[in-house]
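What the coordinates show
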Amino acid sequence: MLYAHRPGLLRYPRPTPLDALIKCHVDAGQVVYDESMDLGPGDLRGYCDVYVRPVVIRIDCNLRGTPDFSPTLAHELGHFALHRETDIPNDYTQVREPRRDLVTGHKILGTSHEWVEWQANRFAQALLLPRKPLKVMLMASTEMAFGVGQDNLHLNPDAPSHRECFGVIRIMAGRYAVTEQLMRYRLQDLGLLQDHRDESKAHVSQILGPRGRPILTCSVPRRQRKSTRRRATAHSTRRHRHKSLAQAL
Ligand SMILES: [Zn+2]
């Protein structure tokens, strides 16, 4: 979507121009966009109706200027880009309490609703923080902070490491106008940030053999991500009500 809109956006680190992006689709007659309505006191911040033409995207009128605005709009653009040509699974409206893997703490995706929202969230992350310019920004930010550019951040348990690492994350989040939490999630997701603060979690599923050598290493997180990508194409939606990206992650 970004490349089609303006290829240069993928060359340098800069905030994604969501307003220009949405205007482009509105001008093309593909989207009706509205942020004049109060969507109520609940956790509904926006929605996208992908089964009408033009597709309707609404964002709560109180959201503009808050940290939740750009993740919410990027999420709805994700529904527009990914789900407007797909069928509705019968269980889309089935919502249940989130379940988590006992070992990894990762969310377990089961219903179509969870898969569809996961897809939109992933799309939003990539739209707001594209991989290539983010790596350029990481190199520049670490050079500014440490005097030497690094293509990877390591978050260790000691206080100086914590301070330095979050200092870089703060610089990068400010440059992209996103929250530090979202920046940290994205860097971790891309493998650009290694969190070593609780190594015991990473090794909890290792069974130690003779002389303390691990004889079985659990690779659930990696396999889970791959199978998630494969299954993601099989799901679709009609209308998407959701919490903000930061809450959903
Ligand atoms: Zn959604």
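Read on for a plain summary of the structure. (Residues numbered from 1 in each chain as written. Predicted model: local features only at pLDDT ≥ 70, side-chain atom pairs only at ≥ 80, totals over all residues.)

**Overview of the overall build of the protein chain**
We apply this condition: A run of DSSP states H or I qualifies as a helix once it reaches four residues; a run of E qualifies as a strand once it reaches two. Both are numbered from the N-terminal end. Neighbour density around each residue's C-beta defines its exposure: 20 or more other C-beta atoms within 10 Å make it buried, 12 or fewer make it exposed, and counts between make it partly exposed, where C-beta atoms are placed from the backbone. Each residue gets a C-beta atom placed from its backbone, and two residues are in contact if those atoms lie within 7 Å.
For the protein chain, the count of helices and strands is 10 helices and 10 strands. The buried share among the 249 residues of the protein chain stands at 28%. Sequence-distant contacts, at least 24 apart, represent 65% of the contacts inside the protein chain between residues at least 6 apart.

**With respect to the nonpolar core**
The criterion, for reference: Working definition: the nonpolar core is a set of buried Ala, Val, Leu, Ile, Met, Phe, Trp, Tyr and Cys residues, joined through C-beta atoms within 7 Å.
Grouped together as the largest cluster of nonpolar side chains are 37 residues, with contacts concentrated most on Phe80, Leu128, Met172, Tyr176, Val178 and Met183. Sorting the residues of this core by element identifies β2 (46-49), β3 (55-59), α3 (69-83), α4 (112-128), α5 (131-146), α6 (159-176) and α7 (180-189) as the ones contributing at least two each. Looking at which element gives the most residues to this core, the answer is α4, with 7 residues. Ignoring sequence-local partners within four residues, the contact set of Phe80 consists of Val31, Cys48, Val50, Val55 and Ile57.

**Overview of unusual backbone geometry**
The omega angle of the peptide bond from Arg53 to Pro54 is -5°, so this bond is cis rather than trans. One can find Pro54 in the loop between β2 and β3.

**Section: the packing of α5 against α6**
Our working rule: As a rule, the C-alpha atoms of each element are fitted with a line to give its axis, helices using only the stretch in contact, and angles between N-to-C directions run from 0 to 180 degrees. The labels follow the angle: roughly parallel below 35 degrees, roughly antiparallel above 145, roughly perpendicular from 65 to 115, and oblique for the rest. By convention the crossing between two helices is left-handed if the near helix lies anticlockwise of the far one by an angle smaller than a right angle, and right-handed if it lies clockwise. Classes in brief: Ala, Val, Leu, Ile, Met, Phe, Trp, Tyr, Cys and Pro nonpolar; Asp, Glu, Lys and Arg charged; the others, Gly included, polar.
Put simply, α5 and α6 touch, their axes get as near as 10 Å, and they point 130° apart. Looking at the two axes, α5 sits oblique to α6. Regarding α5 and α6, the two cross each other, and that crossing is right-handed. Mapping the contact onto sequence places Met137, Leu138, Ser141, Thr142, Met144 and Ala145 in α5 and Glu164, Gly167, Val168, Ile171, Met172 and Arg175 in α6. Classifying every residue of the contact of α5 with α6 by side-chain character gives 7 nonpolar, 3 polar and 2 charged.

**Digging into α7**
In an α-helix, one full turn covers 3.6 residues, which means residues spaced three or four apart are oriented alike. Let me state the cut-off plainly: Working definition: the arc comes from the directions between the helix axis and the C-beta atoms, pointing outward to the latter.
By the burial criterion, the buried members of α7 are Leu182, Met183, Arg186 and Leu187. The buried side chains of α7 occupy one side of the element, clustering within an arc of 130° when seen end-on. Phi turns positive one or two residues past the end of α7, at Gly191, with a value near 75°.

**Topic: the environment of His75**
One can find His75 in helix α3. The exposure class of His75 is buried, given the 31 C-beta atoms found within 10 Å. A sequence separation of 53 residues divides His75 from Leu128, and the C-alpha atoms of the two residues are 9.8 Å apart.

**Quick notes on α6**
As a reminder of what qualifies: Expected span of a helix, by definition, is 1.5 Å for each gap between consecutive residues, and there is one gap fewer than residues.
Its 18 residues give α6 an end-to-end C-alpha distance of 26 Å, which sits within 8% of 26 Å, the value for a rise of 1.5 Å per residue. Buried-residue contacts for α6 involve α4, α5, β6 (153-155) and α7. Once α6 ends, the next one or two residues include Ala177, with phi positive near 55°.

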